[in-house]
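Close look at the chain arrangement
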Amino acid sequence: MKEKKNKGARKVLLVAISAALVAVISVGSTLAYLTARSNTKTNTFTASGNITGEVIEPDAEFDKFDDWAPGEEIAKNPMIDNDTTDYEIWTGAKLSFQIDIGSGYKDVPYSTFINYVTINGLAGTGWTEYTDGVKADGNKYYYYNTALAADGGDSTEKNYGDSTANGGTTGAATTDNTTAIFTSVTPNPAITIREKSASETYVTTINANGPQTGDIYQKFLFKITVNGYGVKKESTVTLDDAKDVILSGLGGKA
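Residues numbered from 1 in each chain as written. Predicted model: local features only at pLDDT ≥ 70, side-chain atom pairs only at ≥ 80, totals over all residues. Heavy atoms only, no water.

For the protein chain, the helix and strand inventory stands at two helices and 14 strands. Across the 254 residues of the protein chain, 50% fall into the buried class. Put simply, of all contacts in the protein chain between residues at least 6 apart along the chain, 70% involve residues at least 24 apart. Carbon and sulfur atoms form 46% of the exposed surface of the protein chain, whose accessible area is close to 11300 Å². (Helix = DSSP H or I, 4+ residues; strand = E, 2+ residues; numbered from the N terminus. Buried < 20%, exposed > 50% of the residue type's maximum accessible area, 1.4 Å probe, protein only. Contact = heavy atoms within 4.5 Å. Areas by Shrake-Rupley, 256 points an atom, 1.4 Å probe, with all protein chains shown as cover.)

This brings us to the sheet that holds strand 6 (residues 74–75). One open sheet holds the three strands; their spatial order is 6-13-10, and the pairing between them is antiparallel. Where the open sheet ends on each side, the last strands, each with one partner, are strand 6 and strand 10 (117–120). In this sheet, strand 13 (residues 184–187) lies alongside strand 10 in antiparallel orientation, the contact comprising four bridges. Each bridged residue has a counterpart across the sheet, and for Asn120 the counterpart in strand 13 is Ser184. (Pairing = 2+ DSSP bridges.)

What follows deals with the side chain of Thr186. By the secondary structure assignment, Thr186 is in strand 13. Thr186 sits in the buried class, given a relative accessible area of 15%. Within polar-contact distance, the side chain of Thr186 engages the side chain of Asn120 at 3.0 Å. With residues near it in sequence (within four places) discarded, Thr186 still touches Gly71, Glu72, Glu73, Tyr116, Val117, Thr118 and Asn120. (Polar contact = N/O pair within 3.5 Å; in protein donor to acceptor, adjacent residues only side chain to side chain.)

The next point concerns the environment of Gly133. Examined against the element boundaries, Gly133 turns out to sit in the loop between strand 11 (127–129) and strand 12 (140–144). On a C-alpha basis, the gap between Gly133 and Ala254 in space is 5.2 Å, while along the polypeptide they are 121 residues apart. With residues near it in sequence (within four places) discarded, Gly133 still touches Leu247, Gly252, Lys253 and Ala254.

Moving on, we come to unusual backbone geometry. Note: most residues except glycine have negative phi, and most peptide bonds are trans. Positive phi, normally seen in glycine, also occurs at Ala123, with a value near 60°. Residue position: Ala123 is located in the loop between strand 10 and strand 11.

Burial analysis of strand 14 (residues 221–232) places eleven of its twelve residues in the buried class, which makes it a mostly covered element. Where strand 8 (residues 89–100) and strand 14 come together, twelve bridges link them in antiparallel fashion. Residue pairing across strands places Thr91 opposite Gly230, the latter belonging to strand 14.

Our next topic: the nonpolar core. Counting 29 residues, the largest nonpolar core has Leu95, Phe113, Phe182, Phe220 and Ile224 as the members making the most contacts within it. By residue number, the principal contributor to this core is strand 8, which donates five residues. Tyr143, Val237, Leu239 and Ala242 belong to the second largest nonpolar core, which has 13 residues in total. (Core = buried A, V, L, I, M, F, W, Y, C linked by side-chain atoms within 4.5 Å.)

What follows is about the pattern of salt bridges. By the definition in use, this model includes six salt bridges. Across the pair Glu200 and Arg194 runs a salt bridge whose closest N-O atoms are separated by 2.9 Å. Among the residues examined, Glu200 registers a relative accessible area of 24% and is labelled partly exposed. Among the ionic pairs, Lys243 bridges to Asp240, the shortest N-O distance being 3.4 Å. Separated by three residues within a single helix, Lys243 and Asp240 lie in helix 2 (residues 239–249), roughly one turn from each other. Under the relative-accessibility criterion, Asp240 is labelled exposed at 55%. (Salt bridge = Lys/Arg side-chain N within 4 Å of Asp/Glu carboxyl O.)

With that settled, consider the environment of Val203. Along the polypeptide, Val203 turns up in the loop between strand 13 and strand 14. Measuring from C-alpha to C-alpha, the distance between Val203 and Asp215 comes to 6.1 Å, with twelve residues separating the pair along the chain. Apart from the residues within four sequence positions on either side, Val203 is in contact with Ile101, Asp215, Ile216 and Tyr217.

Put into structure tokens, the structure is as follows:
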């Protein structure tokens, strides 16, 4: 821990993936102290058939996770990686959101969350958001438009090589990981975390419109949880076939 001269506190939560792939990374701080929990990670992956996967974040700015300021952009680029050596897979992801301003993490809809934290590059190249037959639960659901090649032994870094190098066959998918679901996060510059004076009070309610003028937070923590789901690709399993299965596996079917 490091004490800040201005008794400000900074904290951040950045993401990962799960899925039935779950990986959550949270970094938080309380008043006048900086705490480091940026490497708290749990990655599991379950899906139809003998499929395994994980989250990789090749360009994340880990050095910034413990020291950031509201309004500062922090690189964070979670991708789903196929660890299955025998199969190509179709995959998708659910993003859910939580905020803690002093009474524990509370689920909030995306529409509220983005008023506190901007998610940059969301639904990056290759990702498509589900729009029909989806639960109106405040989460975001996506499928990836390209099948992932069988694992090529590169689980710790991006691999955009040819299909043979990635464990596939000629004409097969050419990479065993997706592109980034998003590229970075930026906490709202209006978030103020500091010690209050005798005449001030701390904000205790999450506002759907985000931080308001004069709001002071005793602490501010946030989470983005990415749940992934994989389906084995076979000659009879097209993307259209897999999309409904993936949405069901993510729990997003209306």
